[in-house]
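Coordinates in review
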Amino acid sequence: QVQLVESGGGLVQAGGSLRLSCAASGSIFRINAMDWYRQAPGKQRELVAGITSGGSSNYADSVKGRFTISRDNAKNTVYLQMNDLKPEDTAVYYCNVRGVSFRIADFSSWGQGTQVTVSS
């Protein structure tokens, strides 16, 4: 079983910055992809950014140039640096980690979510 713990959300004014963290622990043999999603009230969950085991990253068009995803493989942790935040970035942010457990079984785990609120 793989557990994820998120941190770093909060309230910030437009133009400000926040850094989210998501640490994975448990029966982890290998982590492949690590992604950040968000869900605003009344909207579907959407992919914000993702990063592969090799370090390749991708971003939603709405956050390109403002958000940066990174990972620390030694700590099984993924980060999301969010700069120049806008009110439309307000949402609950979730991390998703996919990989292989020590039982050589694929896993896909979700974090508990962290609230990001951007005031205008």
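Right, let's walk through the structure included here. (Residues numbered from 1 in each chain as written. Predicted model: local features only at pLDDT ≥ 70, side-chain atom pairs only at ≥ 80, totals over all residues. Heavy atoms only, no water.)

Observations concerning the packing of aromatic side chains
- Counting across every chain of the model gives 2 aromatic pairs.
- When the centroid spacing of 6.2 Å and the interplanar angle of 70 degrees are considered together, the rings of F29 and F102 count as edge-to-face. In this pair, F29 is assigned in the loop between β3 (18-26) and β4 (30-39) and F102 in the loop between β9 (91-100) and β10 (106-110), connecting sequence segments 73 residues apart.
- Among the residues examined, F29 registers a relative accessible area of 48% and is labelled partly exposed.
- Pairing Y37 with W110 gives two aromatic rings, centres 5.0 Å apart and planes at 55 degrees, and the pair type is tilted. Note that Y37 is positioned in strand β4 and W110 in strand β10, a separation of 73 residues in sequence.
- On the basis of relative accessible area, W110 is assigned to the partly exposed category, the value being 38%.
- The ring of Y79 has R19 lying over it, and the distance from NZ or CZ to the ring centre is 4.0 Å. (Phe/Tyr/Trp six-rings, centres within 6.5 Å; stacked < 30°, edge-to-face > 60°. Helix = DSSP H or I, 4+ residues; strand = E, 2+ residues; numbered from the N terminus. Buried < 20%, exposed > 50% of the residue type's maximum accessible area, 1.4 Å probe, protein only. Lys NZ or Arg CZ within 6 Å of the ring centre and 35° of its normal.)

With respect to the environment of E6
- Considering the arrangement of structural elements, one finds E6 in strand β1 (residues 2-7).
- In the structure, E6 is positioned 89 residues away from C95 in sequence and 7.4 Å away in space, judged by C-alpha atoms.
- If sequence neighbours within four positions are ignored, E6 has contacts with S21, C22, W36, Y93, Y94, C95, G111, Q112, G113 and T114. (Contact = heavy atoms within 4.5 Å.)

Some details on the nonpolar core
- W36, V48, F67, L80, M82 and Y93 are the most contacted members of the largest nonpolar core, which has 30 residues in total.
- Among the elements of the structure, β1, β3, β4, β5 (46-51), β7 (67-72), β8 (77-82), β9 and β11 (114-119) are those that each provide at least two residues to this core.
- Leaving out residues up to four positions away in the same chain, F67 has contacts with R38, V48, Y59, L80, Q81, M82, N83, L85, D89 and Y93. (Core = buried A, V, L, I, M, F, W, Y, C linked by side-chain atoms within 4.5 Å.)

Here's the deal with the state of the cysteines
- Taken as a whole and assessed by the stated rule, the structure comprises 1 disulfide.
- C22 shares a disulfide with C95; S-S distance 2.0 Å. Its S-S torsion of about 55 degrees marks the bond between C22 and C95 as right-handed, since a negative value means left-handed. Residue C22 is located in strand β3, and its partner C95 is located in strand β9; the two are separated by 73 residues in the primary sequence. Neither residue differs from the other here; C22 and C95 are each classed as buried. (Disulfide = S-S within 2.5 Å.)

Thoughts on the pattern of salt bridges
- Taken as a whole and judged by the stated rule, the model has 5 salt bridges.
- Between D35 and R98 there is a salt bridge, with the nearest N and O atoms lying 2.6 Å from each other. Here D35, found in strand β4, pairs with R98, found in strand β9; they are 63 residues apart in sequence, far enough to count as distant.
- Exposure remark for D35: the relative accessible area of 7% places this residue in the buried category.
- A relative accessible area of 31% means that R98 is categorised as partly exposed. (Salt bridge = Lys/Arg side-chain N within 4 Å of Asp/Glu carboxyl O.)

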